[in-house]
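# A closer look at the structure
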Amino acid sequence: MIALIGFGVLMIFVQIPNGSVIYAILGLVIFAGYTMFDFQRLRTTTDTDSAPLLAASIFLDILNVFQFFLSLFGSRRS
């Protein structure tokens, strides 16, 4: 996650060819990993009090994956 933020800040100051594609793929990989990790936590937990927080975390992970998919495959018309 810190690498994604650092790469985003670097892209502000330095023109990188296909930087937005690299940023989207890096974001997809990171948040897909977070999604798998959160589903594994949900599967192994026995504490029902943490279920709403895990559900919110999974929702945000999937929302970020969807956003990166849109930025990667969305068409931009100039």
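Note that the structure is predicted; figures quoted are calculated from it, not measured. Residue numbering note: each chain is counted from 1, following its sequence as written. Thresholds applied to this predicted model are a pLDDT of at least 70 for local features of residues and 80 or more for the giving and counting of side-chain atom pairs; totals over whole chains, interfaces and linings are not thresholded and use all residues. Excluding hydrogens and water, the side-chain values take into account all heavy atoms of the structure.

Moving on, we come to the overall build of the protein chain. The helix and strand labels rest on DSSP assignments: H or I over at least four residues marks a helix, E over at least two residues marks a strand, and numbering proceeds from the N terminus. For the protein chain, the count of helices and strands is three helices and zero strands. A radius of gyration in this sense is built from C-alpha atoms; the matching globule rule multiplies 2.2 Å by the number of residues raised to 0.38. For the protein chain, the C-alpha radius of gyration of 15 Å lies well beyond 12 Å, the compact-globule estimate for 78 residues. C-alpha atoms of the protein chain, sized along the principal axes, occupy 50 × 25 × 15 Å. Relative accessibility under 20% of the residue-type maximum defines a buried residue, over 50% an exposed one, and the middle range a partly exposed one, all with a 1.4 Å probe and only protein chains included. Counting only residues that meet the buried cut, the protein chain has 21% of its 78 residues in that class. Contacts spanning at least 24 positions in sequence make up 54% of the contacts within the protein chain whose residues lie at least 6 apart. Carbon and sulfur atoms make up 69% of the accessible area of the protein chain, which totals about 6,000 Å². Positive and negative side-chain charges of the protein chain, numbering 4 and 4 respectively, have mean locations separated by a distance of 19 Å. Residue contacts are counted whenever heavy atoms from the two residues lie within 4.5 Å of one another. With residues, only the protein chains shown are counted as cover, and all accessible areas are computed by Shrake-Rupley using a 1.4 Å probe. Asp and Glu are treated as the negative residues and Lys and Arg as the positive ones, with His and the ends of the chain left uncounted. Every charge is mapped to an atom, namely NZ of Lys, CZ of Arg, CG of Asp or CD of Glu.

Quick look at the side chain of D38 now. Assignment of secondary structure puts D38 in helix α2 (residues 19-44). Taking relative accessible area as the criterion, D38 reaches 5% and is therefore assigned buried. With residues near it in sequence (within four places) discarded, D38 still touches L54, S57, I58 and D61.

Another point: the packing of α2 against helix α3 (residues 51-73). Interaxial angles span 0 to 180 degrees and are taken between N-to-C directions of axes, which are lines fitted to C-alpha atoms, for helices over the stretch in contact. Taken N-terminus to C-terminus, the directions of α2 and α3 make an angle of 160 degrees; their axes are 9 Å apart at the nearest point. Taken together, the axes of α2 and α3 lie roughly antiparallel to each other. As α2 packs across α3, the resulting crossing turns out to be left-handed. Residue polarity is assigned by list, with Asp, Glu, Lys and Arg as charged and Ala, Val, Leu, Ile, Met, Phe, Trp, Tyr, Cys and Pro as nonpolar; anything else, Gly included, falls into the polar class. Tallied by class, residues from the contact of α2 with α3 come to 17 nonpolar, five polar and three charged. Roughly parallel covers angles under 35 degrees, roughly antiparallel covers those over 145, roughly perpendicular covers 65 to 115, and oblique covers all other angles. By definition, turning the near helix anticlockwise from the far helix through less than a right angle yields a left-handed crossing, and turning it clockwise yields a right-handed one.

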